[in-house]
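Geometric and topological summary
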Amino acid sequence: MPGGRRCPDCDSTELVEDSHYSQSQLVCSDCGCVVTEGVLTTTFADEGNLREVAYSRSTGENEQVSRSQQRGLCRVRDLCRVLQLPLTFEDTAVAYYQQAYRLSGIRAARLQKKEVLVGCCVLITCRQHNWPLTIGTICTLIYADLDVFSGTYMQIVKLLGLDVPSLCLADLVKTYCSSFKLFQASPSVPARYVEDKDKMLSRTLQLVELANETWLVTGRHPLPVITAAAFLAWQSLQPSGRLTCSLARFCKLANVDLPHPASSRLQELLTVLLRMAEQLAWLQILKLNKRSVVKHIGDLLQHRHTLVRKAFRDAAGEREAYERELQGQRQGEEEVGNSSLDLPVRKRPPSPALLLPPCMLKPPKQLRPTPAVCTVTGDENISDSEIEQYLRTPEEVRDFQRAQAASQAAKSVPNPL
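Residues numbered from 1 in each chain as written. Predicted model: local features only at pLDDT ≥ 70, side-chain atom pairs only at ≥ 80, totals over all residues. Heavy atoms only, no water.

1. Describing the packing of aromatic side chains
All told, the structure shown has eight aromatic pairs when counted by the stated rule. Measuring from ring centre to ring centre gives 5.8 Å for F180 and F250, while their planes differ by 90°; the resulting arrangement is edge-to-face. Taken together, the residues F180 in the loop between helix 8 (169-178) and helix 9 (197-213) and F250 in helix 12 (residues 247-254) connect sequence positions 70 residues apart. Relative accessible area serves as the criterion here: at 4%, F180 is assigned to the buried category. We classify F250 as buried; its relative accessible area is 0%. Put simply, the rings of Y176, F180, Y193, F231, W234 and F250 pair up and form one aromatic cluster. Of note, R192 hangs over the ring of Y193, and the distance from its end group to the ring centre comes to 4.6 Å. (Phe/Tyr/Trp six-rings, centres within 6.5 Å; stacked < 30°, edge-to-face > 60°. Helix = DSSP H or I, 4+ residues; strand = E, 2+ residues; numbered from the N terminus. Buried < 20%, exposed > 50% of the residue type's maximum accessible area, 1.4 Å probe, protein only. Lys NZ or Arg CZ within 6 Å of the ring centre and 35° of its normal.)

2. Focus: the environment of P222
With respect to the element layout, P222 can be found in helix 10 (residues 222-237). For P222, a relative accessible area of 19% translates into the label buried. For the pair formed by P222 and V173, sequence separation is 49 residues and the distance between their alpha carbons is 9.0 Å. Dropping the residues within four chain positions of it, P222 is found in contact with L169 and L172. (Contact = heavy atoms within 4.5 Å.)

3. A word on the side chain of R203
Among the structural elements, R203 can be located in helix 9. The buried charged residue R203 lacks any salt bridge, with D299 as its nearest oppositely charged partner at 7.6 Å. Reaching out from R203, the side chain makes a polar contact with the side chain of S236 at a distance of 3.1 Å. With residues up to four places along the chain from it excluded, the contact list for R203 reads A233, S236, L237, I297, G298 and L301. (Lys, Arg positive; Asp, Glu negative; His and termini not counted. Salt bridge = Lys/Arg side-chain N within 4 Å of Asp/Glu carboxyl O. Polar contact = N/O pair within 3.5 Å; in protein donor to acceptor, adjacent residues only side chain to side chain.)

4. Re helix 6 (residues 135-142)
Along helix 6, the positions that sit buried rather than exposed are I138, C139 and I142. Seen along its axis, helix 6 keeps its buried residues to an arc of 100°; they face one direction. Turning to helix 6, the residues buried within the fold contact helix 2 (67-82), helix 5 (111-128) and helix 7 (146-160). Looking one or two residues beyond helix 6, the residue adopting positive phi is Y143, at roughly 55°. (Arc of directions from axis to C-beta.)

Here's what the structure looks like:
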């Protein structure tokens, strides 16, 4: 073989290049000795000249990864594949994980925090690409605590200086409702419960927007609100055969979990719809309740903006309007003066309810601190530093000095016993 290379065992020059899987090796054709096995090289020239390279000078030194980091990188890739994310998302999430792992606060953190870091990097990537994914879904997949996940998520965003946009509620509604098993007939879903996907998505979006306008979404987890809105939208499209179905059965038919606060969000939505129904003339005579108002959700959503303005009021705007009304009444009384006609005084109509968040309408009860009981009897000892506050005249000062001297003299007399 050209180049003057020889086998170290038999000193033969018959060296051939043998491809073993994807690795090319030099093998002696006479004795079968693998010449290049175990040789760590950096360049093709080094390999061609059969020169060994120290590990400190090789590329492997920079590729050293701890077991914990290797395990985390594998979990990031596995989580992206479970969520069926594009390959670009997977590469971005892996890059964020590597950047975060270089931070001293993360590298020396507990194992629980490192496991949560996997979900945080995937969630940040999805938020940046406007991919609808919630924290609850991530916590369920990686079996993480919600409080630990939230704290780690905020810490990573701050340390890496990332710009993470907020979650689009409309995209979340479409993604969440698309997972329902109510759009095709199956043995577990009766025919009367099957609904058109587009109609249900459209009405659910309108109900979620209504909940957002009436402060039912702000500061709360969105999934319970979306679940309640989807249930009302599904019932209102065919109310005759679906009013008897409960929220728990609806979630079972849709093959989704029932969020714990969804029942409370459902009652709040029905309360808002009832107040809106009171503003329509043809619905005032029906005496609707929380069950029968579902039949008229389509009419209420059609005039949503007008009915919300009539059913609720702004506190500042109401105060200004009331002051203008009082000023107008005073001017009218001054112009009329002493009139011979005694007109009946009109009562002010009841004002609509305030449009405030539920946490302000029903604030949580706070425990009152019990005041400390202080009993003063007058027999308490007065220290020498405080006695000067009670001395007013020079005579009192002299009397106090005499009493203090007599007390010291009495203590200095030895006891005869």
